[in-house]
Structure formats: C-alpha cells, structure tokens
Amino acid sequence: MTELSGAIVPRPGDFSADPLLEVRGLTVQAGPAEQPLTLVEDVSLRIRRGETLGMVGETGSGKSVTAMSIGGLLPPGVRVTNGSVHFDGRDLLAADDAELRSVRGSQIGFVFQDPQNSLDPVFSVGSQLIEAIRAHQPMTRPAARAHATELLHRVGIANPAKRMS
C-alpha cells in the first residue's frame, strides 16, 4: 500500500482527529477491462482539518491521476476500479456531477503540476478569478472582484488590484 502524508502545523483549535479527506486503496485504470493499464494502485491517504498535503514524485508516478480521481475529474476511458474517497463524510466516488461541482473549488482546491495551463492569457487574471469564484459561491461581480483581490493579497501577490487587470 502507498501511504501519502504531509502537514503544515495547524493553528490551535483547527486540528481534528477525524479525517476531512480519506482515500483508501485507490486504484485507477485505463483501457479495456480485459487488458487494463493500471495508472494508480492501492493509494491511501488521510488529511485532517488544518493539514495540507503536497504530492511529490517523478513524472508519470500518478500524482495528477490521484488528484483528478479525488475531484471526479478523470477523462473518458479512465476509471476508479477499487477503493474509496470520502470528503467530510461524503462518498465522492458515488457523488453525481452536481454534488462534485459544489465541492470542487469551494471546499477542495487543486494546484496541478503545470500552472501555465491554468490561466488563459487572452483574459485578465481578474475575470478568470471572478468566474471561478462565482461558479462556486452566490456572489455579485463586484463582491467576487473584491474577494479575488483579497485572495491575491493573502497569498502575497504584490499590488493585487493592478494584477486583477
């Protein structure tokens, strides 16, 4: 079994013994069922409130496939064939698209290996952040703009109001 763990020390009162995210025995395969190609095999991990997990490994080791499996973002032809994924008491592998959309972005976030593919240079950073915020939270455009600017400030982006443009 592959065990993944990693944490930033949480603030007092943020730490819970119960896992927020628990993945057990995750196996992901592609190709025909008669001759499947195993992409990820028997991965297990636990993340409690206040913890952060960073997955590090060689190219092709399964980091992105594991994350996409958790978020229900696997491409056609790739499937979870074994294991379980529970987030805050919900079985994400049994969740429908609407439930997964409500969790992604608002409760679970991903930073994938190639961040250059995350933003479209044709659109401003601000418009893309506002779109993502409004997809997950009922918020007016001005409120989403203010929230996005605050988020850029919180992660240390210099002159966040200017960067929005």
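Residues numbered from 1 in each chain as written. Predicted model: local features only at pLDDT ≥ 70, side-chain atom pairs only at ≥ 80, totals over all residues. Heavy atoms only, no water.

**Side note on the overall build of the protein**
For the record, the criterion: Think of it this way: any DSSP run of H or I at least four residues long counts as a helix, any run of E at least two long counts as a strand, and we number them from the N terminus. Burial classification: accessible surface area is computed with a 1.4 Å probe over protein chains only, and a residue below 20% of its type maximum counts as buried, one above 50% as exposed, and the rest as partly exposed. Exposure was quantified through the Shrake-Rupley algorithm and a 1.4 Å probe, taking into account, for residues, occlusion by the shown protein chains and nothing else.
When you go through the protein residue by residue, the secondary structure sums to 5 helices and 5 strands. Going from the N terminus to the C terminus, the protein shows its helices and strands as β-β-β-α-β-β-α-α-α-α. Residues counted as buried form 26% of the 165 residues belonging to the protein. Summed over all atoms, the accessible surface of the protein reaches about 10900 Å², with 53% contributed by carbon and sulfur.

**Digging into the pairing of strand β4 (residues 78-87)**
Stated precisely, the cut-off is as follows: By definition, two strands form a pair when at least two bridges between them are found by DSSP.
The pairing of strand β2 (residues 19-30) with β4 spans 8 bridges and is antiparallel. Among the inter-strand pairings, R24 is bridged to a residue of β4, identified as S84. Summarising the sheet, β4 and strand β5 (residues 90-91) pair through 2 bridges and their orientation is antiparallel. Pairing of F87 across the sheet is with R90, part of β5.

**Observations regarding helix α1 (residues 63-70)**
This is how it is decided: Note on contacts: a residue pair qualifies if any of its non-hydrogen atoms lie within 4.5 Å across the two residues.
α1 sits mainly inside the fold: 6 of its 8 residues count as buried. Among all positions in α1, only K63, V65, T66, A67, S69 and I70 are buried. Where the residues of α1 are buried, they touch β2, β3 (37-48) and β4. In the stretch just after α1, G72 is the one whose phi turns positive, near 65°.

**Quick notes on the pairing of β2**
The element β2 is extensively covered by neighbouring structure, given that 10 of its 12 residues are classed as buried. In the sheet, β2 pairs with β3 via 8 bridges, with the strands oriented antiparallel. Note that in β3 the partner of V23 across the bridge is L45. Between β2 and the antiparallel strand that follows it, β3, lie 6 residues; G31 among them carries a positive phi value of about 85°.

**Section: the confidence of the model for the protein**
Which entries qualify depends on this criterion: pLDDT: the predictor's confidence for each residue, scored from 0 to 100.
Residue-level pLDDT values for the protein average 85, and 86% of them are 70 or greater. Overall, residues 1-13 carries pLDDT values under 50, and its contacts beyond four positions in sequence, including any with other chains, amount to 24 contacts.

**Topic: the pattern of salt bridges**
Formally: The term salt bridge refers to a side-chain nitrogen of Lys or Arg lying within 4 Å of a carboxyl oxygen of Asp or Glu.
On inspection of all chains with the given rule, the structure shows 4 salt bridges. Where E22 meets R24, a salt bridge forms, and the shortest distance between an N and an O atom there is 3.1 Å. Each of E22, R24 and R46 takes part in a single network of salt bridges with overlapping partners.

**Let's talk about the side chain of Q128**
Relative to the helices and strands, Q128 is located in helix α3 (residues 125-136). What Q128 contacts, discounting residues up to four positions off in sequence, is S118, L119, D120 and F123.

**Focus: α3**
Heads up, the rule is: Multiply 1.5 Å by the residue count of a helix minus one, and that product is the helix's expected span.
Its 12 residues give α3 an end-to-end C-alpha distance of 17 Å, which sits within 8% of 16 Å, the value for a rise of 1.5 Å per residue. Taken together, the buried positions of α3 are occupied by G126, Q128, I130 and I133. Where the residues of α3 are buried, they touch α4 (141-154) and α5 (160-164).

**Quick look at the nonpolar core**
Note the threshold: Definition used in this section: a nonpolar core is a set of buried Ala, Val, Leu, Ile, Met, Phe, Trp, Tyr and Cys residues joined via side-chain atoms within 4.5 Å.
By size, the foremost hydrophobic cluster in this structure holds 20 residues, and its most contacted members are L21, V23, V85, F87 and L92. Mapped by element, the contributors of at least two residues to this core are β2, β3, α1, β4 and α2 (97-103). Broken down by element, this core gets its largest block of residues, 6 residues, from β2. With residues up to four places along the chain from it excluded, the contact list for V85 reads L21, E22, V23, L26, I70, R90, D91, L92 and L93.

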